[in-house]
Amino acid sequence: MSEFKAQDLSGAVFRDVDLSGARFENVDLSGATVRGARLVDVSLDGEIRNLSVWGVDVVPLVDAELNRLYPGRERMRPTDADGYREAWDLLEQLWGETVAKARRLPPELLHESVDGEWSFVETLRHLAFATDAWVRRAVLGVPEPWDPLDLPHDEMRDTPPVPRDRSARPSLDEVLALRSGRAATVRALLAGLTDEQLTEHTTPVPGPGYPASESYVVGECLGTILAEEFEHRRYAERDLATLQARTVGTGT
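Residues numbered from 1 in each chain as written. Predicted model: local features only at pLDDT ≥ 70, side-chain atom pairs only at ≥ 80, totals over all residues. Heavy atoms only, no water.

Caption draft 1: Region of the structure containing the packing of helix α2 (residues 81–103) against helix α4 (residues 172–191). Relative orientation of the contacting elements α2 and α4 amounts to 170°, with a least axis distance of 11 Å. Here α2 is positioned roughly antiparallel relative to α4, judged by the angle of their axes. The segment α2 lies against α4, with Tyr 84, Arg 85, Trp 88, Glu 92, Trp 95, Val 99 and Arg 103 engaging Leu 172, Asp 173, Leu 176, Arg 179, Ala 183, Val 186, Arg 187, Leu 190 and Ala 191. Looking at the contact of α2 with α4, its residues break down into ten nonpolar, no polar and six charged. (Axes fitted to C-alpha atoms, helices over the stretch in contact; angles between N-to-C directions. Helix = DSSP H or I, 4+ residues; strand = E, 2+ residues; numbered from the N terminus. Parallel < 35°, antiparallel > 145°, perpendicular 65-115°, else oblique. Contact = heavy atoms within 4.5 Å. Nonpolar A, V, L, I, M, F, W, Y, C, P; charged D, E, K, R; others polar.)

Written out as C-alpha cells, the structure is:
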C-alpha cells in the first residue's frame, strides 16, 4: 500500500487508477475535477464549498439537512451580539448533556480513540486550546494564554511556546476544571459585547504563537469558537455512542 505524505501533487492527473479503500486526511482538493468516477460508499468531511454533483451545488442541501439533524446548528452563525450570547448559552447546555453521558462511561474509555479520532478528553483539551487561541490571544490580547493541557490541532506545526503533550492523561475532572475557566472567560466577554465590536479588528499580539500575530475581525474569531464547540460536540456525541455500545456488548 503506497503512502503519500507531505507531498505536492497539485495538478496531477489520475487516469485509470484504483483508489478504492484509500484514505485522504488533511488534503487540499480545491479545484479538483472528478469525472467518470465510481463514488460508492464514500465519506466526505471537512471544509466543503461549491461542491457540484451532476452540475448541482449540493452544499446548501447538505447544510439544510445538517441543520435539521442537529437543532441549534443554524444558531452558530449569529449576526449580532445577542445572537452570540444565545449561541453560547445553547452550547453550554448541550455540552452539559454530553458531559453527563461521558460520566456514565468507565473513565478509561474517555481516553480511548474511536476510528483514529481524538478521545473525549483530548477533544476537551483541544477546545481549551481553541479558546486560548481565538479568545484569550486573538481578541483579549494575551500573548501566551496557554495551559499545559492545551492540545492544538494535529495539522498545526509545533509552534513554541504553544504546548502539545499527546501523552498527557488528565482526568475528566481536571480538563473540566480547565474548560470551566475558559468558558467563564468567553461568557464574560460576550456579556459586554456590542454589535459594533463584532466588526472591529483586533490588535496584533506580539510574539510567536497561534494564531499568527495579525489583526482579525472580532466576529470571525468568536464565530470560530462557536463552530469548534458545536462540531466537536457533534463528533464527541458520535464517539460516545460507539463507546457506550461497546460497554453494552461486553457487559461492562
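Caption draft 2: How the structure looks around the packing of aromatic side chains. For the structure shown, the criterion picks out five aromatic pairs. Each ring, one from Trp 95 and one from Phe 120, has its centre 6.3 Å from the other, and the planes form 50°; the classification is tilted. Taken together, the residues span a long stretch of sequence, with Trp 95 in helix α2 and Phe 120 in helix α3 (residues 120–137) at a distance of 25 residues. Residue class for Phe 120 comes out buried when judged on its relative accessible area of 5%. Both rings, one in Phe 129 and one in Tyr 210, keep their centres 5.7 Å apart while their planes meet at 25°; by these two values the pair is stacked. Of the two residues, Phe 129 sits in helix α3 while Tyr 210 sits in the loop between α5 (195–198) and α6 (218–250), which places them 81 residues apart along the sequence. For Tyr 210, a relative accessible area of 23% gives the class partly exposed. (Phe/Tyr/Trp six-rings, centres within 6.5 Å; stacked < 30°, edge-to-face > 60°. Buried < 20%, exposed > 50% of the residue type's maximum accessible area, 1.4 Å probe, protein only.)

Caption draft 3: Broad picture of α2. In this model α2 runs 33 Å from its N-terminal to its C-terminal C-alpha over 23 residues, within 8% of the 33 Å that 1.5 Å per residue would give. Within the sequence span of α2, burial applies to Ala 81, Gly 83, Tyr 84, Ala 87, Trp 88, Leu 90, Leu 91, Leu 94, Trp 95, Thr 98, Val 99 and Ala 102. (Expected span 1.5 Å × (residues − 1).)

Caption draft 4: Inspection of the nonpolar core at higher detail. In terms of nonpolar packing, the biggest core is built from 29 residues, with Trp 88 and Leu 222 touching the most fellow members. When residues of this core are traced back to their parent elements, those giving at least two are α2, α3, α4 and α6. No other element matches the seven residues that α2 contributes to this core. Ignoring anything within four residues of it in the chain, the contact list for Trp 88 reads Ala 183, Val 186, Arg 187, Leu 190, Ile 225, Leu 226 and Glu 229. Formed by 20 residues, the second largest nonpolar core is a distinct cluster that contains Val 99, Ala 102, Phe 120 and Leu 149. (Core = buried A, V, L, I, M, F, W, Y, C linked by side-chain atoms within 4.5 Å.)

Caption draft 5: The pattern of salt bridges, seen in detail. Counted according to the given criterion, the structure contains 21 salt bridges. Measuring nitrogen to oxygen at the nearest pair gives 2.1 Å for the salt bridge that ties Glu 112 to Arg 246. Taken as a pair, Glu 112 in the loop between α2 and α3 and Arg 246 in helix α6 lie far apart in primary sequence, 134 residues in all. Given a relative accessible area of 34%, Arg 246 falls into the partly exposed group. Here Glu 231 ties to Arg 234 by a salt bridge, and the two come within 2.6 Å at their closest N and O atoms. Of the two residues, Glu 231 and Arg 234 both sit in helix α6, three residues apart, roughly one turn of that helix. No difference in accessibility class separates Glu 231 from Arg 234, as the two residues are buried. (Salt bridge = Lys/Arg side-chain N within 4 Å of Asp/Glu carboxyl O.)

Caption draft 6: Quick look at the environment of Asp 8. Here Asp 8 shows up in the segment before β1 (52–53). Here the alpha-carbon distance between Asp 8 and Arg 157, two residues 149 residues apart in the chain, equals 17 Å. In terms of polar contacts, Asp 8 uses its side chain to reach the side chain of Ser 10, at 2.6 Å. (Polar contact = N/O pair within 3.5 Å; in protein donor to acceptor, adjacent residues only side chain to side chain.)

Caption draft 7: Focus on the environment of Val 139. Tracing the backbone through its elements, the reader meets Val 139 in the loop between α3 and α4. Each C-alpha atom, one on Val 139 and one on Val 205, is 9.2 Å from the other, the two residues being 66 residues apart in sequence. When near neighbours in sequence (up to four residues on either side) are disregarded, Val 139 contacts Trp 134, Leu 189, Thr 202 and Cys 221.

Caption draft 8: Looking closely at the side chain of Asp 150. If you trace the backbone, Asp 150 turns up in the loop between α3 and α4. Comment: no salt bridge for buried Asp 150; closest opposite-charge side chain is Arg 182, at 4.8 Å. Look past the residues within four positions of Asp 150 in its chain and what remains in contact with it is Arg 125, Ala 128, Phe 129, Asp 132, Pro 163 and Leu 178. (Lys, Arg positive; Asp, Glu negative; His and termini not counted.)

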